[in-house]
Each structure stands twice: as C-alpha cells, then as structure tokens.
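Residues per chain are reported as follows:
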Amino acid sequence: MQQQERLLKVLVIGDLGVGKTSIIKRYVHQVFSQHYRATIGVDFALKMLNWDHKTMVRLQLWDIAGQERYGNMTRVYYREAVGALLVFDMTRLSTFQAIIKWKGDLDSKVALGNGRSVPAVLLANKCDQRRHGLCPKLPKLENFSREYGFVGWYETSAKDNTNIDAAITCLVKNIMSVE
Ligand code: GTP
Ligand code: MG
C-alpha cells in the first residue's frame, strides 16, 4: 500500500533565551549545548515521523527568534502554520507573562480553515532548574492552559531531555485529528 505524506508547518515561539532552539536541536539531533547564540529572524528544522502505517509526517519546525515579537515579520512567518509550541523559561517570570502576548499574536494572525485557532501546546522549559524556578509564583498551569486555549502543557528540559518528545507528539496528535 502506498504511504501518503503530510507536511505540517509548526511554529516554535516564546521570548528570548527560553530554549526554543535547544528544544528543536534536542528533538531533531539529540544534542544540547549550554552555549547561547540568539536566533536571528527564523531558522528551520525538519523531522520525518513514521506516523502510522499509511502516513508519513514531514514535520517542519519554524524556530522564530524571541526578538521577533517586537518586529513586523511574525504575520509572514505564521502563514499556513497548523500548530505551535509556546515556550517559556520556568526560572524567569517575565517569559511566562509574555506567553499571553505570544498566544494573542498567534491567534490574531493565523487560524485553521474552519476559523478555529491552531492547536498550541505550552512548554514550561528548563525544569531541570526547578530549584531556581518560579513554581510557587506560577498559577496552576492546568487552569492557565485551559483558560488560554492550549491543547496541553508540559514541564520540559532540553538539557535533560524531559518531555520534549511527549510535548511534540501531543501537538502532532492534535493536528492530525483536525481534518
Ligand atoms: P532566541 O533564539 O534568542 O529566541 O532564544 P531561544 O529560545 O532559541 O533559546 P536557546 O535555545 O538558544 O537557549 C538559551 C539558553 O538557555 C542557552 O544557553 C541554552 O543552553 C539554555 N537552555 C535551553 N534549554 C535549557 C534547559 O532545558 N535547561 C537548561 N538548564 N538550560 C537550557
Ligand atoms: Mg533560538
């Protein structure tokens, strides 16, 4: 039987230095580096997923620089996206507060054919730094994620490879179940 292929454009967004590039590098290349080099504009990565016996998923990850929130290009970058990972840094409250702005930016600029917002998963990254983290100050992410229309949320670590696969699989499942 012939396998069909589906191309999924997925955005990875969130403030400067929250770990977007690191999450993608971990997911696609199984590597992690402590060294920070800010993304300029946008970067791309591709991962092929043998989704089921009849479907191959070509997952195109758009790694959008945190500094782009202040620019005018997100409308262009978001075009045709079918899902998004929204990332914040568990040790920096400002990056969590910015999630509301990123979600608003996303929903105002891209939607599915049926007018619904694109599936989005919330990632509380750097959970390996939990002891330096915000946990007591954060609202319950379960409630927050429901209130803001996320399809799921995960505490992740690109460093320790925690929940990266689970978060992205959750997103792809949601995308694939929208027809
Ligand atoms: P911009 O491209 O500027 O938007 O940043 P980004 O979101 O792509 O962040 P990047 O992946 O470059 O990571 C920023 C810094 O955080 C780097 O020094 C990474 O090593 C570090 N980092 C990323 N993920 C983790 C993590 O899960 N745990 C820890 N401890 N550090 C991390
Ligand atoms: Mg980056």
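Described in the following lines is the structure provided in the data block. Per chain, residue numbering runs from 1 following the sequence as it is written. Chains carry letters and ligands carry numbers; both start at the beginning, A for chains and 1 for ligands, and go up in the order they are written. With pLDDT at 70 or above as the cut-off, local features in this predicted model cover only qualifying residues; side-chain atom pairs require 80 or more to be listed or tallied, and sums for whole chains, interfaces and linings still use all residues. Note that water and hydrogens are dropped before the side-chain values are worked out from all heavy atoms of the structure.

### A word on the coordination of the magnesium ion (ligand 2)
Octahedral metal centres with six donors ideally show angles of 90 or 180 degrees, and tetrahedral centres with four donors ideally show 109.5 degrees.
Thought 1: The magnesium ion (ligand 2) binds to the protein through Thr21 (OG1) and Thr39 (OG1), with metal-donor distances spanning 2.0 Å. Here Thr21, found in helix H1 (residues 20-29), pairs with Thr39, found in the loop between H1 and strand S2 (42-52); they are 18 residues apart in sequence, far enough to count as distant. As a rule, N, O and S atoms within 2.8 Å of a metal are its donors, except that Na, K and Ca use 3.2 Å; water is not among the atoms, so sites may look incomplete. Helix numbers and strand numbers start at the N terminus; a helix is a DSSP run of H or I with at least 4 residues, a strand a run of E with at least 2.

### With respect to the site of ligand 1
Thought 1: By nearness alone, 24 residues border ligand 1, and Lys20, Ser22, Ser33, Tyr36 and Gly66 come closest of all.
Thought 2: Any N or O atom pair separated by 3.5 Å or less is treated as a polar contact, with the protein-specific requirement of one donor-capable and one acceptor-capable atom, and with residues adjacent in sequence counted only for side-chain atom pairs. A distance of 2.7 Å separates an oxygen atom of ligand 1 from a polar backbone atom of Ser33.
Thought 3: Ser157 places a polar side-chain atom, nitrogen or oxygen, 3.5 Å from an oxygen atom of ligand 1.
Thought 4: Here the accessible surface of atoms and residues is derived via Shrake-Rupley with a 1.4 Å probe, and residues count as covered only by protein chains that are part of the display. Protein coverage of the free-state accessible area of ligand 1, which is 660 Å², stands at 93%.
Thought 5: Top contributing element to the shell around ligand 1 by residue count: H1, with three residues. One heavy atom within 4 Å of a molecule or strand is enough for the residue carrying it to be called near that molecule or strand.

### A closer look at the environment of Ile99
Thought 1: The topology assignment puts Ile99 in helix H3 (residues 93-109).
Thought 2: You can call Ile99 buried: its relative accessible area is 1%.
Thought 3: As a C-alpha pair, Ile99 and Ile13 span 86 residues in sequence and 8.9 Å in three-dimensional space. We call a residue buried when its accessible area falls under 20% of the maximum for its residue type, exposed when it is over 50%, and partly exposed in between, using a 1.4 Å probe and counting protein chains only.

### What to know about the nonpolar core
Thought 1: Grouping buried Ala, Val, Leu, Ile, Met, Phe, Trp, Tyr and Cys residues that are joined through side-chain atoms within 4.5 Å yields what is termed a nonpolar core. If you look at the biggest cluster of nonpolar residues, it comprises 27 residues, and the most contacted ones within it are Leu11, Ile13, Ile64, Tyr78, Leu86, Phe88 and Leu106.
Thought 2: Every element with two or more residues in this core is listed here: strand S1 (4-13), strand S3 (55-64), helix H2 (74-78), strand S4 (83-89), H3, strand S5 (120-125) and helix H4 (141-147).
Thought 3: The element that contributes the greatest number of residues to this core is H3, accounting for five residues.
Thought 4: Setting aside its immediate chain neighbours within four residues, Leu86 contacts Ile13, Ile99, Trp102, Lys103, Leu106, Ala120, Val121, Leu122, Leu123 and Phe150.
Thought 5: Residues Leu8, Val12, Leu85 and Ala158 belong to the second largest nonpolar core, which totals 26 residues. Throughout, a contact is declared for two residues whenever any of their heavy atoms are within 4.5 Å.

### Brief notes about the sheet that holds S2
Thought 1: One open sheet accounts for six strands, arranged S2-S3-S1-S4-S5-S6; its pairing is mixed. Strands at the two margins of the open sheet, each flanked by one partner only, are S2 and strand S6 (152-155). In this sheet, adjacent strand axes meet at a mean angle of 20° when their direction is disregarded.
Thought 2: Two strands are said to pair when DSSP picks up at least two bridges between them. Where S4 lies against S5, six bridges are found, and the strand directions are parallel. Bridge pairing in S5 places Asp89 opposite Asn125.
Thought 3: Inter-axis angles, ranging from 0 to 180 degrees, are taken between N-to-C directions of lines fitted to C-alpha atoms, where helices are fitted over the stretch in contact. Those strands touched by H1 are S1, S2, S3, S4 and S5, and its axis lies near 155° from that of S3.
Thought 4: Sheet strands touched by H3: S1, S4 and S5. Its angle to S4, the strand with the most contacts, is close to 160°.

### Points about the packing of H1 against helix H5 (residues 164-177)
Two measures define how a pair of helices packs: the angle their axes make with one another and the distance between the axes.
Thought 1: As a packed pair, H1 and H5 sit with axes 10 Å apart at the nearest point and diverge in direction by 90°. Classified by the angle their axes make, H1 and H5 are roughly perpendicular. Of the residues in H5, those touching H1 at Ile23, Arg26 and Tyr27 are Ile164, Asp165 and Ile168.
Thought 2: For this scheme, ten residues count as nonpolar: Ala, Val, Leu, Ile, Met, Phe, Trp, Tyr, Cys and Pro. Four count as charged, namely Asp, Glu, Lys and Arg, and the remainder, Gly too, count as polar. In terms of residue class, the contact of H1 with H5 is built from four nonpolar, no polar and two charged. Angle categories are assigned with fixed cut-offs, so that under 35 degrees is roughly parallel, over 145 is roughly antiparallel, 65 to 115 is roughly perpendicular, and the rest are oblique.

### Observations concerning the environment of Val28
Thought 1: Inspection of the secondary structure puts Val28 in helix H1.
Thought 2: Sequence separation between Val28 and Cys127 is 99 residues; the distance between their C-alpha atoms is 20 Å.

### Observations concerning unusual backbone geometry
What you tend to see is this: most non-glycine residues have negative phi, and most peptide bonds are trans.
Thought 1: A positive phi angle, close to 55°, is found at Gln30, a residue other than glycine.
Thought 2: A residue is classified by how much of its surface remains accessible, and Gln30, at 53% relative accessible area, is exposed.
Thought 3: Within the chain, Lys126 stands out as a residue other than glycine whose phi angle is a positive 70°.

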